[in-house]
Amino acid sequence: MIAEFGGAYNIEYICDAFKHSLAHYGLRSSLNFFFPHAKPYQELLEQHGFEVKRLSHYYRPTQLADGHHGLANWLRQFFANDLEPLPEAVQKAIIDNTYAQLTPILWKDGYWQADYWRMQVVAQLTAPNDFTDF
């Protein structure tokens, strides 16, 4: 198995700011991401018959495309389940509130920088497993 995905702390600033913005309007987020910590994830793989050859967890700040609009585009893509049912004016207010919270942290001289944390895994299945309890 070779994989790369979001690890612990991935988009934590963005998620926290978005949830806070929703709460301001009496709304709750449906976000349900799984961003594991390295050691427990390695242990999970080993419990299911994998030998972990390499596992790394690292910070990878990532520039979002489209300058000032980059974060709004990103929010509309990844948080669509929370935003799309709302009237456009409420969506805009939530995005504006999220911008206000994140500007001091993630706005970098003309672009938004997402707070990505990545996990890379190389593992080999060494024991038979039907994965029914994974």
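Use the structure listed above.
Throughout, a residue's number is its position along its own chain's written sequence, starting from 1. Owing to the predicted nature of the model, reporting of local features is limited to residues with pLDDT of at least 70; listing and counting of side-chain atom pairs is limited to 80 or more, with chain, interface and lining totals taken over all residues. Computation of side-chain values covers all heavy atoms of the structure but excludes hydrogens and water.

> Would you take a moment to explain the layout of surface pockets for this structure?
Quantified by volume, the largest pocket comes out at close to 190 Å³. Cavities and pockets are found on a 1 Å grid laid over the protein atoms alone: a cavity is a set of points where a 1.4 Å probe fits but cannot escape, a pocket is an open set with protein on both sides within 12 Å along at least five of seven lines, and a lining residue has an atom within 4 Å of such a point. Forming the boundary of the largest pocket are Tyr 9, Asn 10, Glu 12, Cys 15, Asp 16, Lys 19, Leu 31, Asn 32, Phe 33 and Phe 35. Looking at the lining of the largest pocket residue by residue, the classes come out as five nonpolar, two polar and three charged. Grid points are joined across faces, edges and corners, and a volume is the space filled by probe spheres set on the points. Gly is put with the polar residues, along with every residue not named as nonpolar or charged; the nonpolar set is Ala, Val, Leu, Ile, Met, Phe, Trp, Tyr, Cys and Pro, and the charged set is Asp, Glu, Lys and Arg.

> Quick question: what am I supposed to make of the pattern of salt bridges here?
In a structure, side chains of opposite charge can pair up when their charged atoms sit close to one another. Only one rule defines a salt bridge in this text: a Lys or Arg side-chain nitrogen within 4 Å of an Asp or Glu carboxyl oxygen. All chains considered together, the criterion is met by five salt bridges. The salt bridge involving Glu 88 is made with Arg 76; its shortest N-O contact spans 3.1 Å. Note that Glu 88 is positioned in helix 5 (residues 88–106) and Arg 76 in helix 3 (residues 70–78), a separation of twelve residues in sequence. Among the residues examined, Arg 76 registers a relative accessible area of 32% and is labelled partly exposed. Between Lys 92 and Asp 96 there is a salt bridge, with the nearest N and O atoms lying 2.7 Å from each other. Highlighted residues: Lys 92 and Asp 96, both in helix 5, separated by four residues, approximately one helical turn. Because the salt bridges share partners, they merge into one network encompassing Glu 4, Arg 60 and Arg 118. A run of H or I in DSSP becomes a helix once it reaches four residues, and a run of E becomes a strand once it reaches two; helices and strands are each numbered from the N terminus. Each residue is placed in one exposure class: buried if its accessible area under a 1.4 Å probe, protein chains only, is under 20% of its type's maximum, exposed if it is over 50%, and partly exposed if it falls in between.

> How should I be thinking about the sheet that holds strand 6 (residues 117–125) in this particular structure?
In a beta sheet, neighbouring strands are held together by backbone hydrogen bonds and run either parallel or antiparallel to one another. Pairing is antiparallel in the open sheet, where three strands are placed in the order 1-6-2. The sheet is open, and its two borders are formed by strand 1 (2–6) and strand 2 (50–59), each paired with just one other strand. Each adjacent strand pair in this sheet contributes to an overall mean axis angle of 15°, direction not counted. Two strands are said to pair when DSSP picks up at least two bridges between them. Two strands pair when backbone bridges link them, and strand 2 and strand 6 are joined in this way by nine bridges, in the antiparallel orientation. Following the sheet pairing, Leu 55 is matched in strand 6 by Val 121. Most of the contacts of helix 2 (residues 38–47) go to strand 2, to which it runs at about 160°, and overall it touches strand 1, strand 2 and strand 6. To get an axis, a line is fitted to the C-alpha atoms, and for a helix only the part in contact is used. The angle between two axes follows their N-to-C directions and goes from 0 to 180 degrees. Contact criterion: two residues are considered in contact whenever any of their non-hydrogen atoms come within 4.5 Å of each other.

> Would you explain the packing of helix 1 (residues 12–24) against helix 5 in this entry?
Pairs of packed helices are described in terms of their axes, by the angle between the two and the distance that separates them. Axis separation between helix 1 and helix 5 bottoms out at 8 Å; the angle between their running directions is 145°. As helix 1 runs across helix 5, the sense of the crossing is right-handed. Packed against helix 1, whose contacting residues are Tyr 13, Ile 14, Ala 17, Phe 18, His 20, Ser 21, Leu 22 and His 24, the element helix 5 presents Ile 94, Asn 97, Thr 98, Gln 101, Leu 102, Ile 105 and Leu 106 at the interface. Taken together, the residues of the contact of helix 1 with helix 5 break down into nine nonpolar, six polar and no charged. Whether a crossing is left-handed or right-handed is set by the direction in which the near helix is turned from the far one by less than a right angle, anticlockwise for left-handed and clockwise for right-handed.

> I tried to follow unusual backbone geometry on my own but got confused; where do I start?
Glycine aside, the phi torsion of most residues is negative, and most peptide linkages are trans. Phi is positive for Tyr 9, close to 75°, though the residue is something other than glycine. Tracing the backbone through its elements, the reader meets Tyr 9 in the loop between strand 1 and helix 1. Notably, Asp 66 is not glycine yet its phi reads approximately 80°, a positive angle. In this structure, Asp 66 sits in the loop between strand 3 (62–63) and helix 3.

> For this particular structure, what's the right way to read the packing of aromatic side chains?
In this description, a pair of aromatic rings is defined by centroid distance and the angle of the planes. To pair, rings of Phe, Tyr and Trp, with the six-membered ring standing in for Trp, must have centres within 6.5 Å; the planes then decide the type, stacked if under 30 degrees apart, edge-to-face if over 60, and tilted in the middle. Enumeration over the complete set of coordinates arrives at ten aromatic pairs. When the ring of Phe 33 is compared with that of Phe 35, the centres are 5.2 Å apart and the planes differ by 25°; the resulting orientation is stacked. Their ring planes at 65° and their centres at 5.1 Å tell us that Trp 107 and Trp 112 sit as a pair that is edge-to-face. Among the residues examined, Trp 107 registers a relative accessible area of 28% and is labelled partly exposed. Clustering of aromatic rings is evident, with ring pairs tying together Phe 18, Phe 33, Phe 35, Trp 74, Phe 78 and Phe 79.

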